[in-house]
Amino acid sequence: MIYKFRVILDAEEDVFRDLAIDENDTLEDLHNAIVNAFGFDGMEIASFYTCNDEWVQEDEIPLFDTGDVPGEEKTMADYPLSSILDEQSTKIIYVYDFLNMWTFFVELAAIEEPETGVSYPDLLYSHGLMPVTAPDKEFTADDNDMYSDFDDDYDEDDLDMLDDDNFEDLGFDENNWN
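Before going into details, it helps to say that this report is about the structure given with it. Each residue is numbered by its place in its chain's sequence as written, counting from 1. A pLDDT threshold of at least 70 governs which residues receive local features in this predicted model, and a stricter bar of 80 or more applies before side-chain atom pairs are shown or counted, although totals over entire chains, interfaces and linings include all residues. Note that water and hydrogens are dropped before the side-chain values are worked out from all heavy atoms of the structure.

**Quick word on the layout of surface pockets**
Consideration 1: With a 1 Å grid laid over protein atoms only, a set of points is called a cavity when a 1.4 Å probe fits there but cannot get out and a pocket when it is open yet has protein on both sides within 12 Å along at least five of seven lines; lining residues have an atom within 4 Å of a point. Grid points are joined across faces, edges and corners, and a volume is the space filled by probe spheres set on the points. Roughly 160 Å³ of internal volume is contained in the second largest pocket.
Consideration 2: Residues belonging to the lining of the second largest pocket are distributed by class as follows: six nonpolar, no polar and five charged. In this classification, the charged set is Asp, Glu, Lys and Arg, the nonpolar set is Ala, Val, Leu, Ile, Met, Phe, Trp, Tyr, Cys and Pro, and all remaining amino acids, among them Gly, are polar.

**Some words on the pattern of salt bridges**
Pairing of side chains with opposite charge becomes possible as their charged atoms draw close.
Consideration 1: Criterion for a salt bridge: a side-chain nitrogen of Lys or Arg within 4 Å of a carboxyl oxygen of Asp or Glu. Counted by the stated rule, this structure contains two salt bridges.
Consideration 2: Notably, a salt bridge pairs Glu112 with Lys4, separated by 2.6 Å at the nearest N-O pair. Of this pair, Glu112 sits in strand β6 (residues 102–112) while Lys4 is found in strand β1 (residues 2–9), placing the two residues 108 residues apart along the sequence.
Consideration 3: We note a salt bridge from Arg6 to Asp18, for which the minimum N-O separation is 2.7 Å. Remark: Asp18 occurs in strand β2 (residues 16–22) and Arg6 occurs in strand β1; sequence separation between them is 12 residues.
Consideration 4: Residue exposure (1.4 Å probe, protein chains only): buried if accessible area is under 20% of the type maximum, exposed if over 50%, otherwise partly exposed. Of the residues examined, Asp18 reaches a relative accessible area of 14% and is grouped as buried. Secondary structure is summarised from DSSP: a helix means a run of H or I of at least four residues, a strand means a run of E of at least two, and numbering begins at the N terminus for each.

**Considering helix α1 (residues 27–38)**
Consideration 1: For a helix, the expected span equals 1.5 Å multiplied by the residue count minus one. Helix length check: α1, at 12 residues, gives a terminal C-alpha distance of 16 Å against a target of 16 Å (1.5 Å per residue), a fit within 8%.
Consideration 2: Measuring from the side-chain oxygen of the N-cap residue of α1 to the backbone nitrogen of Glu28 gives 3.2 Å; that N-cap residue is Thr26.
Consideration 3: Immediately beyond the C-terminal end of α1, within one or two residues, lies Gly39, with a positive phi of roughly 80°. Residues adjacent in sequence count toward polar contacts only when both atoms are side-chain atoms; beyond that, a polar contact is any pair of N or O atoms within 3.5 Å, and within protein one must be able to donate a hydrogen and the other to accept it.

**A look at the nonpolar core**
Consideration 1: Residues belong to a common nonpolar core when they are buried Ala, Val, Leu, Ile, Met, Phe, Trp, Tyr or Cys residues joined through side-chain atoms within 4.5 Å. The biggest cluster of nonpolar side chains holds 31 residues, and the ones touching the most others in it are Phe5, Leu27, Leu30, Ile34, Phe48 and Tyr94.
Consideration 2: Broken down by secondary-structure element, the contributors of at least two residues to this core are β1, β2, α1, β3 (46–51), α2 (81–84), β5 (91–96) and β6.
Consideration 3: No other element matches the seven residues that α1 contributes to this core.
Consideration 4: In this analysis, two residues are considered to be in contact whenever any of their non-hydrogen atoms come within 4.5 Å of each other. Ignoring sequence-local partners within four residues, the contact set of Phe48 consists of Leu27, Leu30, His31, Ile34, Asp59, Glu60, Ile61, Met76, Ile92, Ile93 and Tyr94.

Next up, the structure:
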């Protein structure tokens, strides 16, 4: 079967591409199709992220194994499209170039029979021009989420470690570095 995707740039202007790709191709193949469809050079790192129906990001699927032990982490090449996406699970997020954070919403729009004489992946439709730079992202979090790990009973005594008296017994002679 052929998966037909709409890949939408997360930007104010409408910029999207419609792609068709074989269900047995991998997420790495989809990554390559997206890179080509949007005119990237393909030299940057990228990841897909599973998500729910509201586009809330879940698990990362990287292009390269970034684990401590080689071969320990699964990559895009390890996931056929049909193992991640189907009629019930139609959405995935794609991020290209982590310095610029080009972010795309990828949605499975249709599953159809392959067309005779068509080679896949195939760019079906292109709308909008890519901006010169990646759209700005506003990263937010609830105050409780952001600072809960840092809450403590901060007071003036927390700064006493900076008092000169605390360094007298350490044998440090600031005039003799050698």
